[in-house]
Structures are given as C-alpha cells and as structure tokens.
Amino acid sequence: MPATRAAPATKAARKPAAAKTNLPVTPPATFTKEQELEAYRIMLLIRRFEEKSGQMYGMGLIGGFCHLYIGQEAVVTGMQMASKEGDAVITGYRDHGHMLACGMAAKGVLAELTGRRGGLSKGKGGSMHMFSKEKHFYGGHGIVGAQVSLGTGLAFAHKYRGNDNVSLTYFGDGASNQGQVYESFNMAELWKLPVVYVIENNRYAMGTAVTRASAQTDFSRRGISFNIPGEQVDGMDVRAVKAAADKAIAWCRAGNGPYILEMQTYRYRGHSMSDPAKYRTREEVQKVRDESDPIEMVRNRILAQKFAGEDDLKKIDADVRNIVNEAAEFATSDPEPDPSELYTDILVES
Amino acid sequence: MPVNILMPALSPTMEEGKLAKWLKKPGDAIKSGDVLAEIETDKATMEVEAVDEGVLSKILVPEGTENVKVNTPIAVIAGDVEDATASAGSEERAESAPPVVAPAAQSTGAPASAPAIPAAPKSAAPADAEIPAGTNMVTMTVREALRDAMAEEMRRDADVFVMGEEVAEYQGAYKVTQGLLQEFGAKRVIDTPITEHGFAGIGVGAAMAGLKPIVEFMTFNFAMQAIDQIVNSAAKTLYMSGGQMGCPIVFRGPNGAAARVAAQHSQDYAAWYSNIPGLKVVSPYSAADAKGLLKSAIRDPNPIIFLENEIMYGQSFEVPEIADYLVPIGKAKVARSGKDVTIVTWSIGMRYALNAAAELEKEGIDVEVIDLRTIRPMDTATIVESVKKTGRCITIEEGYPQSGVGAEIAARLMTEAFDYLDAPVIRITGKDVPMPYAANLEKLALPSIAEIVAAAKAVLYR
Ligand SMILES: Cc1ncc(C[n+]2csc(CCOP(=O)(O)OP(=O)(O)O)c2C)c(N)n1
Ligand SMILES: [Mg+2]
C-alpha cells in the first residue's frame, strides 16, 4: 500500500498554498439555530464537566495529573460537528473534552477520573488514558507527541481499507516540536493519508510560551516542506472551527492527503492541577475570558438572533448540570476495581 | 445557601500548604473561574479558583497561615437564591455528603501515594566512613541537595551546563533546578522545547566535543523518546572510537512511580539502563548521597544515568557541611547493620526496607540493609560480605521482576556466595503489570512492607 505514490491525477489537484498570514483563510460557517444550540450544549457540558473535575480533584477524589480543557471547548466541538460516523479521533492527555464531544458518557469518563470499576478503562487508565472502540476514540495518551504517529496510523488503516473516513489527530503547540511529528508528516503526504492534524495552539506548553520553544510559531506552516496545506483558525469561534474542519476533512476524504489546522485557542486553567501560574499574568487570562470566551460567544449569538431566550438557555444549563451531577454521583459511589483486575488485560488470552 | 471552600490538594503528594494571599475579601461577588487566593507548597505557588457563584461571605483562614491541611474549610461563599438551585446546590450536595466509598487514602487528599510507605525510621546506621567524625550536619531536602550539587559543580567548572524542559524560567518541573538560572544565566541553564530525542542527542554531541552537560528529563518516562541517543551514542562512543572520544554527560531526573499517574508515567528504568555496558547507573536515597553522588557524576568522564525519585524530593536528611562533599560511584553502603537477613535495595526502596526492618525488629529479627546507591557498576563485594554473615538475602525494587536488578543480584550471589546461602534469594518487586491508576490497584502493584516482612520470615523459616 505504501507503493500507492502520488499519482499524476492527485498532483493535478494541486492544493492551495499554505496560509502566509495570521488571518484565517476560511470564513466562519453560518450556523442554523440547531447548530448554534448544539454547539452551546456540547461546549457547556465540557465546561461544567471540567469544573466538576477540578473541584473533585481538590477534594482528593481524583489523583495524579488532571489536565482541564476549559477555554478550548470550541476546537473539539467544531471539529466533531464536521466529522461523520467512523472518523477516528486521537489526542493527548488533555482529553476529557474530546471524549465528551465524541459522545462518550460523562459517567464513564468521570468514574475513570476517580479510578472506579465503571470508568471507561475500568479504573486502570485514569484521566490521561481512556479509549472507546465504539466511538472510534483512540485515546488519551500521556507521552507528548506519541499520538501524532498513532493518528497517522489510523489514517493509514482507513486508506488501506479503502473507506472514506479520516483521522482527526489532535496535539498541542508543545507537542508540535517532537521529531516524530515530522516523520509522520512526511509519510502522511508521501502516502496521501487522510489525516487532519489539529494543532491546539493554546500559547503555552506547561510554563513555556510558544515563542520560547518554537522557531516557527505559525504552526499552519509546519507542513510546508512536505507540501501539506495548512491554515490558522480562530479556535475560540466554533463557527470558524467548523468551516475550517469542513474544508480540511473534505480535502482528506477526497484522497488528497493530510491537512493541518492550527487552532488558536487558550487554556484558562493551569497546565495540570498544580501550576505555579507565574509564566503569564492574571490580566492576560482575564482578558481572554472576557473578550473571547467560546461559550459566551455562542450564547450571545443565540440571544441576539433570538434562536432561544434566556429561559431556554437556563434549561440547557440545568440539563447539563444534571448530567454532570449524575456522573459525579456515579463516580463517587461506584466501587473501586476488584483487586483481581490487577492481572487482567495485560495480554489477550488465547 | 452557603458553600465552604476547602483547602485544595493541587498535587498528588500535597498534604498541607500555606495560605499565602487572599485576592478577594468578604462581600466580594464571585463568579466561576475567579482567583480567590494563592497557596504555596514547597514546590510551587498556586491559585485557588472559584467553581461556585455567589458572594464571599467569610474568610476562615487568614492569609499568611502556614501548614493548612488539605480539605480544611478556608472560606464561605453565600450563593444567591437562584444559584442555589442551579449551581450551588450540586456543589453543596457533593460537600455535605462526602463520597462514602472514597478510599481512606484519598480522603486525606494525598491519594494512595508514598504515604503508603511512611518516611523511614531513624535506624542504627553504622558510622559513615565517608563523613569524618565531628562534621557539622545540616538538614536539607533531597531536592535542595541535588540543586546544591549542580550549583557547586557549575561554579567549579565553566563547561558544566544544564538543559531540559522547564529547567530555567519555570525553575524545574519539580523545582530541582530552582535558582540556577538566576545564578548562572541563560547560557548555562537552558530551557528546551519538548524534544527529548533531539536535546539528548545535542547533549551527547556537546559532550563528545568536551563540554559536560547535565541533561534533565522531566521524568525518565520521557527519556524513552531519547533512549537511542543514550544507548547507541552516549554509551558506545568510547568503545567504538577505540578510546579516543568519551562522553562526559549526566542524564538525570525522577524515575519510577510517583502517585496515581498511571502506566505511561510510572516506570522504573534501573534495570533497563543497568543492562548497558558503557553507562554508569546511580540512584541515591538520602540527601547526602544525592549531593555527593551527583557531584561525582558530573565530574565523571563517562555517561551517567542518575535516577532520582519524585516522592523523595521533599524528604529531609542530614547532609555534612563539607566544602566539597563527594561520594564515590560504585560503592554500596551498609545503612543498617544486622545479623539475620540482608536486604539490598536503593532509592525509595530504602524506605520500604527500613520500615520493614523496624517492623521485623519487634519480632526479634535483626535486618541488615544495604543501600546499593550505584546499580552499575554494582558493588557485589559489599553484598557478598553481608550475605556471608546473614546467609539470607531479599532484594527490593519497584521495577518489574523479569530481568530486574534483583534477578542480577540473585545470580551474582549464586555464583559468588552459593555456599553461604541458607535460603533462596527472594525478590520483592513491582508486580508484573503496567501501573494501574485506581488507588487500590496501584497500592497492590507496588511492593509492600507486609510482603517484605513475610519474605524475611520465609528465608528464616519462621
Ligand atoms: C515525551 C514527553 N515529554 C514531556 C512530557 C511532560 N509534559 C506533559 S504535557 C507537557 C506540555 C505539552 O504542551 P502542549 O503540547 O502545548 O499541550 P497542552 O498541555 O498545552 O495542551 C509536557 C512537557 C510528556 N508527558 N511527554
Ligand atoms: Mg499548549
């Protein structure tokens, strides 16, 4: 299958030049009422879920590392709105939002965070390592950058099987500097693999600002030497994400090879729960929250366009809180795994 | 409805902290995400964010208070009536009915971490030959000892530099390089991107050119990205160049299980690196050894793997106040003398060993504990000497059993002390499974004091 080198036909469909400015090339999508409300609901679910996780961590119910997605909700929400059944999703350790957006049950995710038997990985994986075969969610990976090659492999499998599904491979601005990212880029373009590389540029990798770690801070251009097209996207606006995702996914489905989307986003909370918060100012965080919060943005649009009233939104809020509270109830009452589970799932028993 | 704000546990090993500063005052309106206060631990300053909406009605712990235990109520938020149904209600429920089944270790806010193994008791250690009698001792943490070792060697030799992720501006992910950037500047204390394979190779190249890099891995789990450069380039160059070109480099960072960080972040690499000719593998337990061995490692003309342990960073020990304190690489230490059974271990394994020894003493069993300190080259002589006396040996490591360091020790004893052994060597190891996340399973996956006590009785046929 690697022998399927770029045929002349594919070459003829020459791609658009990679973005050279900081402006998104694709204009934001126009959302219907249903789409705005759907986006609002998913993003709010992620936000409330993450707030609850943070709170439960503080109470000692969740241990180890716990990386919250608060602030970045529009990225995975817009991407999922553009994907279809069978598309594979893979990401790093900041994964709770991706799982919820893939339709994995809040109960199962939260019970995994508390390490209980009803968790998605039976309590064995924890916050950073969760999977769902049913939802085509391939993890949940703790090693920065590892998911990029894996996601490229998921695309390889789609192409090998001859289906038109794509792989949505998410990674951070920090992960973008790992060597295997470029090894993957090269093979993905060489073999025309249907993978959308979604770079979630939240401006920091732990305490390192992008400018302190990256020689090229326009991540949409990271594929240029491999001829992979890319563009920068306002990752705080779910409509912009959706429009760029539509374009990138269509490109991949048509057999043109990979596509890079740099999502310009922001993480409100610390890197994990323990964070010295000395590498950026409180004002910087507040400014993003006040001026470009992805949920507020949708909320304001819904109200302005009279897609729904305050009361309707309150009802959505209440529904979401119910889901999260039920999940918390389950995640604190479900028992820990049976001790015998220590020795299961190491190898497939034959 | 009023909601208590509790002192949060913001790291897996945090038990208490200082309430450094209040950023809100009673009467202030609070919304989700507002920073309420700053707290400090030995590692970091952190912000407490509100998850509830309402009004800050009361501050229960004034700013400046030290040693505030995790989960202590620190303030009260009064929610307004509407919020009480929409938001505060749920939080309140979670709080007034704390999760019943939460395992005991979790409700303390220090989930199933090292607290499972208490800090080691002071033991009847034989006088330390490396420390002259009458030397003044100072108490410091392992973290400080490591930092001091690097700082002293950097003052002494301009070719020594440190690089790694978050080592400079952030002051180290685990604060081991605290203050180094301030003293030595950005030329010698270098933040790298997240590119382990690349910067490990850059370190090896710089060492081949004669510089003396200290390469910090945020944890050794991430050194797997770089292991080709460590094994194929650093370890083999001297041999392949017929002795012309060595590689004076130290790869250091925390190794082994931390607490609740699961399979990809909890692995012990002692056995892995100890398999490789051309490397030296060092892994200290006490702060004094951490300091003296790291200084020796930096001066050593060979590639050194220096395995630290996150849980040990905050532990305090006596460190000799000696201007240039060096501990030789390749020498084990008898940390506790005894006559009935020998326990051989290193690093955090010492905590298990000394606790088990104290336990066994109550039952009249006199344990000798050997702190290996260097895994490669291994000080077989010290182990054999001890086993000649006790006739029994137990090894402890958190790593996997197959081809582990314990297996190597057992093999050496078989060839070098067979006639002195009165019982088979027993290996206490991490279980043969990836590290699980769940608190109860994690505890089962690690060695336990009970297992060591049982092993001691078994080799003594009691
Ligand atoms: C190979 C590897 N190196 C280092 C780490 C430690 N680490 C975890 S997350 C992280 C920062 C990653 O930043 P980025 O890719 O920007 O993602 P973000 O956390 O911002 O979502 C680091 C250094 C790791 N998990 N794996
Ligand atoms: Mg980032």
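Here the structure is a predicted model, which is why all the values come from computation and not from measurement.

Reading the values: the criteria
Residues numbered from 1 in each chain as written. Chains lettered and ligands numbered in written order. Predicted model: local features only at pLDDT ≥ 70, side-chain atom pairs only at ≥ 80, totals over all residues. Heavy atoms only, no water. Helix = DSSP H or I, 4+ residues; strand = E, 2+ residues; numbered from the N terminus. Rg over C-alpha atoms; globule rule 2.2 N^0.38 Å. Buried < 20%, exposed > 50% of the residue type's maximum accessible area, 1.4 Å probe, protein only. Contact = heavy atoms within 4.5 Å. Areas by Shrake-Rupley, 256 points an atom, 1.4 Å probe, with all protein chains shown as cover. Donors = N, O, S within 2.8 Å, 3.2 Å for Na, K, Ca; no water. Disulfide = S-S within 2.5 Å. Axes fitted to C-alpha atoms, helices over the stretch in contact; angles between N-to-C directions. Parallel < 35°, antiparallel > 145°, perpendicular 65-115°, else oblique. Left-handed = near helix turned anticlockwise from the far one by under 90°. Nonpolar A, V, L, I, M, F, W, Y, C, P; charged D, E, K, R; others polar. Near = heavy atom within 4 Å. Polar contact = N/O pair within 3.5 Å; in protein donor to acceptor, adjacent residues only side chain to side chain. Pairing = 2+ DSSP bridges. Right-handed = clockwise from strand over helix to strand, strands pointing away.

What follows is about the overall build of chain A. Assigned secondary structure in chain A consists of twelve helices and seven strands. A globule of 350 residues ought to have a C-alpha radius of gyration of about 20 Å, and chain A, at 20 Å, matches this closely. Each principal axis of the C-alpha distribution contributes one length, and for chain A these read about 60 × 60 × 40 Å. Counting all 350 residues of chain A, 62% fall into the buried class. For chain A, the proportion of contacts with a sequence separation of at least 24, taken over those separated by at least 6, is 77%. Counting every atom, chain A has about 13,300 Å² of accessible surface; 55% of that belongs to carbon and sulfur.

With that settled, the discussion passes to the coordination of the magnesium ion (ligand 2). Residue and element names in this part refer to chain A. Donor atoms from the polypeptide that bind the magnesium ion (ligand 2) are Asp173 (OD), Asn202 (OD1) and Tyr204 (O), placed at 2.1 to 2.2 Å. If you list the donors of the magnesium ion (ligand 2) from N- to C-terminus, the spacing comes out as D-x28-N-x1-Y. For the pair Asn202 and Tyr204, a shared accessibility class is recorded, and that class is buried.

In this section: the state of the cysteines. Within the structure shown, the criterion is met by zero disulfides over all chains. Cys252 of chain A supplies the cysteine sulfur nearest to Cys102 of chain A, a cysteine that is in no disulfide, at a spacing of 17 Å.

Let's shift gears to the packing of helix 2 (residues 33-58) of chain A against helix 5 (residues 106-113) of chain A. Residue and element names in this part refer to chain A. Where helix 2 contacts helix 5, the two axes come as close as 11 Å, and the packing angle between them is 20°. By the angle between their axes, helix 2 is roughly parallel relative to helix 5. Crossing angle aside, the handedness with which helix 2 passes helix 5 is right-handed. Facing helix 2, whose interface residues are Phe49, Lys52, Ser53 and Met56, helix 5 presents Ala106, Val109, Leu110 and Leu113. Across the contact of helix 2 with helix 5, the residue classes break down as six nonpolar, one polar and one charged.

Lining the immediate surroundings of ligand 1 are 22 residues, of which Tyr93, Arg94, Ala175 and Asn202 of chain A together with Glu196 of chain B lie closest. Ligand 1 sits at a junction of chains, with neighbouring residues supplied by chains A and B. Take Arg94 of chain A: an N or O atom from its side chain is 2.7 Å from an oxygen atom of ligand 1. Look at ligand 1: alone it shows 590 Å² of surface, and the protein chains cover 95% of it. Per-class residue counts for the shell around ligand 1 are ten nonpolar, eight polar and four charged.

Bringing the pairing of strand 15 (residues 304-308) of chain B into the picture now. All names here are of chain B. Counting buried positions along strand 15 yields five of five residues, so the element is predominantly enclosed. The alternating pattern of strand 15 places Ile304, Phe306 and Glu308 on one face and Ile305 and Leu307 on the opposite face, and all of these are buried. Here strand 14 (residues 280-282) runs beside strand 15; their pairing, made up of three bridges, is parallel. In the sheet register, Val281 faces strand 15, and the bridge partner there is Ile305. Once you follow strand 14 into helix 9 (residues 287-299) and on to strand 15, the crossover reads as right-handed.

Residues and elements named next belong to chain A. Orientation of helix 3 (residues 73-82) relative to helix 9 (residues 238-253), taken along the N-to-C sense of each, is 45°, at an axis distance of 8 Å. One way to sum up the angle between helix 3 and helix 9 is to call them oblique. The interaxial crossing formed by helix 3 with helix 9 has right-handed handedness. Residue-level contacts link Ala74, Val75, Thr77, Gly78, Met79, Met81 and Ala82 of helix 3 to Val238, Val241, Lys242, Ala245, Asp246, Ile249 and Arg253 of helix 9. Partitioning the contact of helix 3 with helix 9 into residue classes produces nine nonpolar, two polar and three charged.

Residue and element names in this part refer to chain B. With respect to the helices, strands and loops of the structure, Leu372 is situated in the loop between strand 19 (367-371) and strand 20 (374-376). For the pair Leu372 and Gly330, spaced 42 residues apart in the sequence, the C-alpha separation amounts to 8.4 Å. Look past the residues within four positions of Leu372 in its chain and what remains in contact with it is Lys331, Ala332, Val344, Thr345, Trp346, Met378, Ile383, Val405 and Ile409.

Turning to unusual backbone geometry, a few remarks are in order. Here the bond from Arg376 of chain B into Pro377 of chain B is cis, since omega is 0°, no more than 30 degrees from zero. Relative to the helices and strands, Pro377 of chain B is located in the loop between strand 20 and helix 11 (380-390). Within the chain, Asn227 of chain A stands out as a residue other than glycine whose phi angle is a positive 65°. Its location among the elements puts Asn227 of chain A in the loop between helix 8 (210-213) and strand 6 (230-234).

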